[in-house]
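Coordinate inspection notes
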Amino acid sequence: MVRNVAGLMTELEPEDFYLLSGVEQGMRFSEWVNRGKLPDLANLTAENVDYRLDRCMSRDLIQRKTIQYEGYQLTFEGYDALALRTFAQRDTIQGVGAPLGVGKESDVLEVQSYRPLALKFHREGYTNFREVKREREYTADHHHVSWLYTARKAAEREHEVLTELYPDVSVPRPVDHNRHAIVMEKFAGVELGRSKLDSSQAVGVLDLVLRELSTAYEAGYVHADMSEYNVAVSEQGVTVFDWPQAVSIDHDNARDLLERDVRNVVSFFRRKYPRPTPDVDVGSVVDRIVAGEFESVRQNA
Ligand SMILES: Nc1ncnc2c1ncn2[C@@H]1O[C@H](COP(=O)(O)OP(=O)(O)O)[C@@H](O)[C@H]1O
Ligand SMILES: [Mg+2]
């Protein structure tokens, strides 16, 4: 569990951030940044580095390990603090509020802006460090995998996909991106998995979700992680969110991934709303999405 650092932001001084970004710079080259390199990286005197290291250590923004040398690295809290500072300096956010959700690989918070928005911190590479080796970033020593890099790439990708899809597909409007974090509009409603639909509405909602997948396909993307937990339902309609793993329709496995997405959604409706939901031929729905002809699961195949 990563602690919310919003409350620390007012205590931190500009030079604490020099130190944090010095450590961040150093982590491009080694997992643990040699203490001796910090004055240069952070542009601070050696004495000031000592002082800032203490301040940041006691707030769990960095951690220390002594290998052949004394090394430091950012914690996720330290990385969060750097991103929050950037968003504040750009005036993207004016304050941080309550948690909106904890996902498999993220923390999502409400933030204050011209209106309440959602801030998503990506945590990829934190829990399942080993699985992300395919995304390794080779550095000077050629065997260092950085969670910073993995989480940052995921946020970049999610922001890019949202920017491509909005507003044609009903996704949260992307507002800003920095490091491993994105700011987007807050969606209305609750997750499909936690909502209670009227029996008379269920098939209509299933069609709405599949139509969003169809429009996304037309725009060139397959979501690739669809489930009842990545769709919100409200009076206004549906919102499909959580896009970092989306693949291009040119991807070798695009069709299989699309089929899995459709199957996940359809199985959920069959399970939770068995009476109104017809027996859907998933393959034929996928064919119609690929052909740009999907309207409804009730449509004749
Ligand atoms: N734009 C948003 N507005 C409101 N709540 C959100 C928003 N984005 C995410 N959430 C909440 O945070 C949770 C996790 O977000 P999600 O994007 O699904 O990340 P994960 O990859 O960790 O599953 C969601 O289930 C939802 O409750
Ligand atoms: Mg999710």
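All of these numbers come straight from a predicted model, not from anything done at the bench. (Residues numbered from 1 in each chain as written. Chains lettered and ligands numbered in written order. Predicted model: local features only at pLDDT ≥ 70, side-chain atom pairs only at ≥ 80, totals over all residues.)

Around ligand 1, a shell composed of 18 residues is seen, among which Gly-101, Gly-103, Ser-106, Val-108 and Asp-242 lie nearest. Mapped by element, the contributors of at least two residues to the shell around ligand 1 are β4 (95-102), β5 (106-112) and β6 (117-122). Residues of the shell around ligand 1, tallied by class, amount to 8 nonpolar, 4 polar and 6 charged. (Near = placed C-beta within 6 Å. Helix = DSSP H or I, 4+ residues; strand = E, 2+ residues; numbered from the N terminus. Nonpolar A, V, L, I, M, F, W, Y, C, P; charged D, E, K, R; others polar.)

This part is about the pairing of β5. Looking at chain direction, β4 and β5 are connected through 5 bridges and run antiparallel. When the sheet's bridge partners are listed, Pro-99 is paired in β5 with Leu-109. The antiparallel pairing of β4 with β5 creates a hairpin that spans 3 residues between the two strands. Pairing between β5 and β6: 6 bridges, direction antiparallel. Across the sheet, the residue bridging to Val-111 is Leu-117, located in β6. (Pairing = 2+ DSSP bridges.)

Once that is clear, we can look at the domain arrangement of the protein chain. One can read the domain layout of the protein chain as domain 1 (6-185) and domain 2 (190-291). Using only C-alpha atoms to locate each centre, domain 1 and domain 2 end up separated by 32 Å. With 14 residues of domain 1 at the interface, the matching set in domain 2 holds 14 residues. Examining the composition of the side of domain 1 that touches domain 2, we find that 7 residues originate from one element, helix α5 (residues 147-165), more than from any other. Residues of the side of domain 1 that touches domain 2, tallied by class, amount to 7 nonpolar, 3 polar and 4 charged. (Domains from an automatic or database assignment. Contact = placed C-beta atoms within 7 Å.)

Moving on, we get to the sheet that holds strand β11 (residues 231-234). With antiparallel pairing, the 3 strands of this open sheet are ordered in space as β9-β11-β12. The sheet terminates laterally at β9 (190-191) and β12 (237-240), the two strands that pair on one side only. Sheet analysis places β11 next to β12, joined by 4 bridges and oriented antiparallel. Bridge pairing in β12 links Ser-234 to Gly-237.

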